[in-house]
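Here is how the chains run, residue by residue.
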Amino acid sequence: MTGSTTSNGMTGRQGPAFSRRRLLGTGLGAAAALGVAGSGPAHAAPRTAGASSKPGAAAASPQASTASAQRRGQAFLAAAMDAYPDHGAIRLTQSYTDQAGLFSTAFTYDNALAILAHLAVRTRDGRARAVALGDALIYAQEHDPAYDDGRLRQAYNVGPYVHYDGVPQPDGFVRADGTANVGTQFGFTGTAVGDMAWAGIALSTLARRTGARRFRTAAVRIGEWIERTGRTDEPLGGYKFGVNGANERLPFTSTEHNTDLICLFGRLARLTGDRVWWKRRARAEAFVQRMWEPARGGGSSGGFFYTGTNDGVTVNKSPIPEDTQTWTHLALDSARYSRSLDWAARELAVADHSGRRNSTVPAGQSYEGVTFSSASLLANEDAPIAEFQPKPNRNGVWFEGTAHLALALRDRGARGDENRARRLLDSLERAQDLLGTAQTVGGRTLPERSGIVSASSPLDTGFGFGYYPYRHTGATAWYLMAAVRANPLRA
């Protein structure tokens, strides 16, 4: 489930867009909600990541050093975590800048990534922040307003605001009654297996790095919730999506979620010594392998993973998302499937500049990377992505996905991979320098040129939601992990 979406702060709309995470909370139909999982090709025209962008338009910004870019990424994560100092020491990191219109929303997925990024940079401050965020996830697990079964919700509020309906939300992450402040205003009340898996990966990493038993205990509770709630004996097997805000089990199964579980269950097996986790890992891995479309005849067709299944019987073959190509490599480290990275780099490559239709990139700048899915390249540029949202740009760069592609290429290390990854990282660093200026978190000015926007221009994912040019915890965390070569999915 890659990231969460934002609302559109650029058009003066009165409410936020639906997001892949919001779909779970609002109980929308299965066809729409499958977008949250990632589901499997609208055929994209062959391209090459790293292809030329706008003719004659070079990046206009002076390039900061990579070390400086990493420090500024860390500064953004710190600022987003410290945005509400008057509302308690137990806190999570706000996911998007205020301009996104999601106020103080902190997605569980983004906070798991923030933990992993803080640990990856290996500074004393980063370690302390990772521990604090881990403790906040444990607090949420132990102080849910309705459940005591190990689950976490899609998102939480971490500071006060007045919602679009005029109703104030006065609390920080911990409500006045001591419960965790679940993001009910936007319907972020469901629980997805992918979100839970990432939280479990982050907590198990903390357990290994700190030796603290509380992190292992919380990670095991997450794994057990997934086993009870997600396991399916349908023909394609694996683990299903999770539950919506009404605690109703959702019918589809995601390649991305099961990829996350390969890592989580492997980590739990090592932490606990209990072999049952290896069996659960094998179940998740078997599902992922069933989603593989092998390359045929040495041509460009095939060599990718489909997105999942709607019913547990039939593979969903369109759209094909980027993360099922990159995360599978990071989790499996298998030469048999490594061609998925080439598919993503070729078939989902985009280059954005002001000459593109509906681009919001300033004149004189250009960015390259990958888009969200095969359907993103076919988006209707004449219609808004969703109500109150702008029209999409088919060439908008999804920076979060661009970062995990860069990391996966560096991890694979085949001929030319490092050069390709470096070009993608250069694009990410240029975006941090120049895009999303004058944005705030909790009303506070961000450190200069810190944090990476989720997309270079409004981008239609093809799953019923979009990404927009707002600085984002998730995109920044993935950039940091790519920059320091830290693979969060290798058990």
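Before any of the text, the structure's been laid out above.
In short, a report on the structure. Sequence order sets the numbering: in each chain, residues are counted from 1 along the sequence as written. Only residues with pLDDT of 70 or above have their local features reported here, since the model is predicted, and side-chain atom pairs are shown and tallied only from 80 upward, although totals for entire chains, interfaces and linings are computed over all residues. With hydrogens and water excluded, all non-hydrogen atoms of the structure serve as input to the side-chain values.

1. Quick notes on the overall build of the protein
When its secondary structure is counted, the protein shows 14 helices and 19 strands. Split into buried and exposed, the 491 residues of the protein put 63% on the buried side. A run of H or I in DSSP counts as a helix once it spans at least four residues, and a run of E counts as a strand once it spans at least two, with each numbered from the N terminus. Relative accessibility under 20% of the residue-type maximum defines a buried residue, over 50% an exposed one, and the middle range a partly exposed one, all with a 1.4 Å probe and only protein chains included.

2. So, the packing of aromatic side chains
Aromatic contacts are taken between Phe, Tyr and Trp rings whose centres are within 6.5 Å, Trp giving its six-membered ring; a plane angle under 30 degrees counts as stacked, one over 60 as edge-to-face, and the others as tilted. Enumeration over the complete set of coordinates arrives at 28 aromatic pairs. Taking 5.0 Å as the distance between ring centres and 80° as the angle between the ring planes, the aromatic pair formed by Trp292 and Tyr337 counts as edge-to-face. With Trp292 in strand 8 (residues 292–293) and Tyr337 in the loop between helix 10 (323–332) and helix 11 (339–347), this residue pair connects regions lying 45 residues apart in the sequence. In terms of burial, Trp292 and Tyr337 fall into one category: buried. Charge-over-ring placement is defined geometrically: NZ (Lys) or CZ (Arg) within 6 Å of the ring centre, and within 35 degrees of the ring normal. A cation sits over an aromatic face here: Arg151 above Tyr147, 3.6 Å from the ring centre. Note that Arg280 overlies the ring of Trp277, its terminal NZ or CZ placed 4.5 Å from the centroid.

3. Considerations on the sheet that holds strand 11 (residues 315–316)
The strand order across the open sheet formed by three strands is 7-10-11, and the pairing between neighbours is antiparallel. Of all the strands in the sheet, just strand 7 (253–254) and strand 11 have a single pairing partner and so form its edges. Strand direction decides the pairing type here: strand 10 (residues 308–309) and strand 11, joined by two bridges, are antiparallel. Each bridged residue has a counterpart across the sheet, and for Gly308 the counterpart in strand 11 is Asn316. Strand pairing is assigned whenever DSSP detects at least two bridges linking the two strands.

4. Section: the pairing of strand 13 (residues 366–370)
In terms of residue burial, strand 13 counts as a mostly covered element, since five of its five residues are buried. Burial along strand 13 is two-sided: the face carrying Ser366, Glu368 and Val370 and the face carrying Tyr367 and Gly369 are both buried. Summarising the sheet, strand 12 (residues 349–353) and strand 13 pair through five bridges and their orientation is antiparallel. Bridge pairing links Ala351 to Glu368 in strand 13.

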